[in-house]
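# Coordinate analysis (summary)
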Amino acid sequence: MRVTGRARKMTAALVAGAVALLLPLSGTAAAADGSPSPSADATPLEKVNALVQPSVVFLLQTWDGYVYDTFNKQYLNQGNPFELQFQCTGFVVNPDGYIATAGHCVDFKEVQSSFVETAAQWALDNGYYSSTSLTLDDVIGFGDYRVESQDRKNTADLDVQVGWGASVSGIDTSEVKRARVIDFNGQAKGDVALLKVEANDLNALPISTEDVEVGTDVVSIGFPASVDSVTDPNLTPSFKDGSISSVKTVQGGVLPVYEISAAVSGGMSGGPSVNLDGEVIGVNSFGILGEPQAFNFLRPSSQLTELMAGAGVDNELSDTTQDYRDGLQAFWAGDKATAVDKLGSVADEQPTNKLAADYLAQAKDLPDPPKEDSGSSNTVMIAIIVAVVVVMLLVVGLVVLLLMRRRKSGPAAPVAAGPMPVAPGAAYGGAPPTTATGAAPASPAPAPAPAPAPAPAQAPPYAAPATAETAPTAPVGFAPEPRRLRHPPPHRPRRRHHRRRRACRRPRLRRRPSCRPRRRSRPAGRTARRPSGGRAAGARGALLQQLRGRGAARHEVLQQLRYGDRLTGSRTRCGTGSGPAPGAADPAPAG
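Model, not experiment: these values are computed from the prediction. Each chain has its residues counted from 1, following the order in which its sequence is written. Where local features are concerned, this predicted model is filtered to residues with pLDDT of at least 70; where side-chain atom pairs are given and counted, the filter is 80 or more; whole-chain, interface and lining totals use all residues. Computation of side-chain values: all heavy atoms of the structure, hydrogens and water removed.

### Remarks on the overall build of the protein
Only DSSP runs of H or I covering at least 4 residues are called helices, and only runs of E covering at least 2 are called strands; the numbering of each starts at the N terminus. In terms of regular secondary structure, the protein is built from 14 helices and 14 strands. Burial status follows relative accessibility: with a 1.4 Å probe on protein chains alone, a residue under 20% of its type maximum counts as buried, one over 50% as exposed, and anything between as partly exposed. When each of the 591 residues of the protein is scored for burial, the buried share is 30%. Any two residues having at least one pair of non-hydrogen atoms within 4.5 Å are treated as being in contact. When contacts within the protein are restricted to residue pairs at least 6 apart in sequence, long-range pairs at least 24 apart make up 68% of them. Carbon together with sulfur atoms contributes 54% to the accessible area of the protein, which is approximately 38100 Å² in total. Here, Shrake-Rupley sampling with a 1.4 Å probe gives the accessible areas, and only protein chains in the shown set may cover a residue.

### Looking at unusual backbone geometry
One non-glycine residue, Gln78, lies in the positive phi region at around 55°. Relative accessible area serves as the criterion here: at 65%, Gln78 is assigned to the exposed category.

### Overview of a negative patch on the surface
Only residues above 30% relative accessible area that lack a salt bridge enter a patch, with like-charged residues linked at up to 9 Å and the nonpolar side chains Val, Leu, Ile, Met, Phe, Trp and Tyr linked at up to 5 Å. A pair is scored as a salt bridge if a Lys or Arg side-chain nitrogen falls within 4 Å of a carboxyl oxygen belonging to Asp or Glu. His is not counted, nor are the chain ends; Lys and Arg add positive charge and Asp and Glu add negative charge. In plain terms, the charge of a residue is placed at NZ if it is Lys, CZ if Arg, CG if Asp and CD if Glu. A cluster of acidic residues, Asp201, Asp319, Asp348 and Glu349, forms a negative patch on the protein surface. By secondary structure assignment, the location of Asp319 is in helix α7 (residues 319-332). A relative accessible area of 65% places Asp319 in the exposed class.

### A short note on the packing of α7 against helix α8 (residues 336-349)
At their nearest, the axes of α7 and α8 sit 8 Å apart, and the two run at 145° to each other. When the axes of α7 and α8 are compared, the crossing they make is left-handed. On α8, the residues touching Thr320, Asp323, Tyr324, Asp326, Gly327, Leu328, Ala330 and Phe331 of α7 are Thr338, Ala339, Lys342, Leu343, Ser345, Val346 and Glu349. Residues were grouped as follows: Ala, Val, Leu, Ile, Met, Phe, Trp, Tyr, Cys and Pro as nonpolar; Asp, Glu, Lys and Arg as charged; and all remaining residues, including Gly, as polar. Classifying every residue of the contact of α7 with α8 by side-chain character gives seven nonpolar, four polar and four charged. Axes, fitted as lines to C-alpha atoms, cover a helix only where it is in contact. Angles between the N-to-C directions of the axes lie from 0 to 180 degrees. Each crossing gets its handedness from the near helix: less than a right angle anticlockwise from the far helix is left-handed, clockwise is right-handed.

### What to know about the nonpolar core
In plain words, nonpolar cores are sets of buried Ala, Val, Leu, Ile, Met, Phe, Trp, Tyr and Cys residues tied together by side-chain atoms within 4.5 Å. Val52 and Leu304 are the most contacted members of the largest nonpolar core, which has 39 residues in total. Those residues in contact with Leu304, other than ones at most four positions away along the chain, are Phe91, Val93, Ala100, Val192, Ala193, Ile207 and Val283.

### Examining the environment of Val48
Among the structural elements, Val48 can be located in helix α2 (residues 44-52). By relative accessible area, which is 0% here, Val48 ends up buried. Here Val48 is in contact with Gln53, Val219, Phe239, Val274, Asn275 and Leu276, once residues within four sequence places are set aside.

### Observations regarding the side chain of Gln303
Take Gln303: it is sitting in helix α6 (residues 301-311). By relative accessible area, Gln303 is classed as buried at 8%. Those residues within four positions of Gln303 in sequence are excluded, and the remaining contacts are Gly190, Val192, Leu255 and Pro256.

### Comments concerning the state of the cysteines
Disulfides are defined as pairs of cysteine sulfur atoms found within 2.5 Å of each other. One pass over the structure, following the stated rule, counts one disulfide. Residue Cys88 pairs covalently with Cys105 via a disulfide, S to S 2.2 Å. Judged by the torsion about the S-S bond (-90°), the Cys88/Cys105 disulfide is left-handed. Taken together, the residues Cys88 in strand β3 (residues 82-94) and Cys105 in the loop between β4 (98-101) and α3 (112-125) connect sequence positions 17 residues apart. As far as burial versus exposure is concerned, Cys88 and Cys105 are alike and both buried.

### Details of the packing of aromatic side chains
Whether two aromatic rings pair depends on their centres lying within 6.5 Å, for rings of Phe, Tyr and Trp, where Trp uses its six-membered ring; planes under 30 degrees apart make the pair stacked, over 60 edge-to-face, and the rest tilted. Scanning the model with the defined rule gives 11 aromatic pairs in all. Both rings, one in Trp63 and one in Phe108, keep their centres 6.2 Å apart while their planes meet at 55°; by these two values the pair is tilted. Here Trp63, found in strand β1 (residues 56-69), pairs with Phe108, found in the loop between β4 and α3; they are 45 residues apart in sequence, far enough to count as distant. With a relative accessible area of 2%, Trp63 lands in the buried category. Judged by relative accessible area, which is 10%, Phe108 ranks as buried. Measuring from ring centre to ring centre gives 6.5 Å for Phe108 and Phe115, while their planes differ by 40°; the resulting arrangement is tilted. Just as Phe108 is buried, Phe115 falls in that class too. What links up through ring pairs into an aromatic cluster is the set Phe82, Trp122, Tyr128, Tyr129 and Phe142. A ring is considered to have a charge above it if a Lys NZ or an Arg CZ atom is located within 6 Å of its centre and within 35 degrees of its normal. Its end group placed over the ring of Tyr98, Lys196 keeps NZ or CZ at 5.3 Å from the ring centre.

### What to know about the sheet that holds strand β10 (residues 238-250)
Strand pairing in a sheet relies on backbone hydrogen bonds, with the paired strands running either antiparallel or parallel. The criterion for strand pairing is that DSSP finds at least two bridges linking the strands in question. Spatially, six strands are ordered β9-β10-β11-β14-β13-β12 in a closed barrel, and the strand pairing comes out antiparallel. Sheet twist, expressed as the mean angle between neighbouring strand axes with direction ignored, is 45°. Two elements, strand β9 (residues 217-222) and strand β12 (residues 272-274), share two bridges in a ladder whose sense is antiparallel. Residue pairing for β12: Val219 is matched across the bridge by Val274. Set on the sheet, α2 makes contact with β9, β10 and β12; between it and β10 the angle comes to about 90°. Strand contacts of α6: β11 (255-260), β13 (280-287) and β14 (296-300), with the helix running at about 40° to β14, the strand carrying the most contacts.

### Describing the pairing of β4
For β3 and β4, the ladder comprises three bridges, and the chain directions are antiparallel. The residue of β4 that forms the bridge with Asn94 is Tyr98. Two elements, β4 and strand β8 (residues 192-196), share four bridges in a ladder whose sense is antiparallel. Paired with Thr101 across the two strands is Ala193, which belongs to β8.

### So, the confidence of the model for the protein
Confidence of the predictor at the level of single residues is given by pLDDT, which spans 0 to 100. This prediction gives the protein a mean pLDDT of 75; 58% of its residues lie at or above 70. In this model, residues 412-447 is a region of pLDDT below 50 whose contacts with residues beyond four sequence positions or in other chains number 12 contacts. Scored below 50 in pLDDT, residues 565-591 makes 31 contacts in the model with residues more than four places away or belonging to other chains.

### Considering a nonpolar patch on the surface
The grouping of Val380, Ile384, Val388 and Met392 at the surface amounts to a nonpolar patch, some 330 Å² of accessible area in total. By the secondary structure assignment, Val388 is in helix α10 (residues 372-409).

Given below as structure tokens:
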């Protein structure tokens, strides 16, 4: 127990030392992994703002229409067209200049009543009617006004101008692009529209194809007119967060709509409503006027994709847009190398993209990543330490094992050291020495020894070899090896004619068989070996007892055993004769 306790203490000390060496490395790795990530400081709304803002556009629709009075047969406003302006919001869905918005933003039916109202007000203000008691509702109620374009009736000319946010889109903000209407669906058919501008490599938004469930977080983006009326115009969109309140239908259950809790107002029509990953799930469509609460509705993105498919337009992202989104994700994840690489390429391709430049500057301030060889050096150091600790533990275990085996074996018997002592005055072949256990047996005194030969210069340090006169003696403390006796193998009796005797047997017969197998004659002097077994019974047993005799008596008994049928007077062969009747007594032995 003493050795075991000491070994345990040594092992514990070694393990403690190894742990102490490994703790600084593990602490360094933990410190490197536990550094705060910039993504922890960015809110979901901030991420959506950075991902979506470069793709949102401001739409200004200008309608020009001539108003014709069908009753008085003349055009109002001295034959000049009336001009009306409205604002909406759109977003890029394809980098080749395709922009999506609400259908009512480009539908003449939505502005026809505004033309009639504007023309009626002009008529009252300019004394177009002789009666001064007419009101605006009276003039509108006449129903005499018809809106015409330069070449068609019951329509007006539309001019759509597209502008991007201030220094965030990658396009020169001083340049305003005109758009044409590719296709649109009115309120009764989905309220979505597709426009086209002459531009390339625009920042498009991905459109989600997943089903939207109630409670999904949503952010609605647009340019509310009420905000622009009280602030300086800088084409910066507003972001209103909320969630999906319910999924409803319109037009008799034909078209689905999403009810949202986000506060969407006029001017935000046609803007995108996205999830927290910046993917479009709907288009801002309409709300309920006069309702104090925010009851607004989206058109599902599936209706927009149907319109785009009909026009042969796919929802795609350019390489620059993909790099911009990947760079932002890398920045929020703390990946400095990827963020600087991706955002740097975007800043080179789009010098006016202020968001890319701002995030690039922040990405450069991120902590540098660990060197590539640091991980391998730490791994090598840990491997070396572990190998050293394992070797030390093996050495200690081996030492402890040797000590324990030595202790269990006990002290060894003492062995006489040095040469065997000899009698004083005796030479190398003298009388055998006496042992510690007793003196040597007495023997007649030997004849005087002849004069010894001259001794060499230096006697050898070992005793002389044993001769015929001096038998070698065993060292003190060792006994001669006992002699081992070899025992003969156990005697096994022979079995002859085993198969023949088995053939003569009858099943379930209790009488002695009527035949005996033929036996081969044995050479003279050779007797049969039979096991004594137990106690012999009957006449045959008595004969077996006489086998212990020798000479002629033994030979006679063997002849009686061999030809036992002659004693009873019946001599038959196997299978031809019949023995005594069952139950008859065995014949008495001849002797």
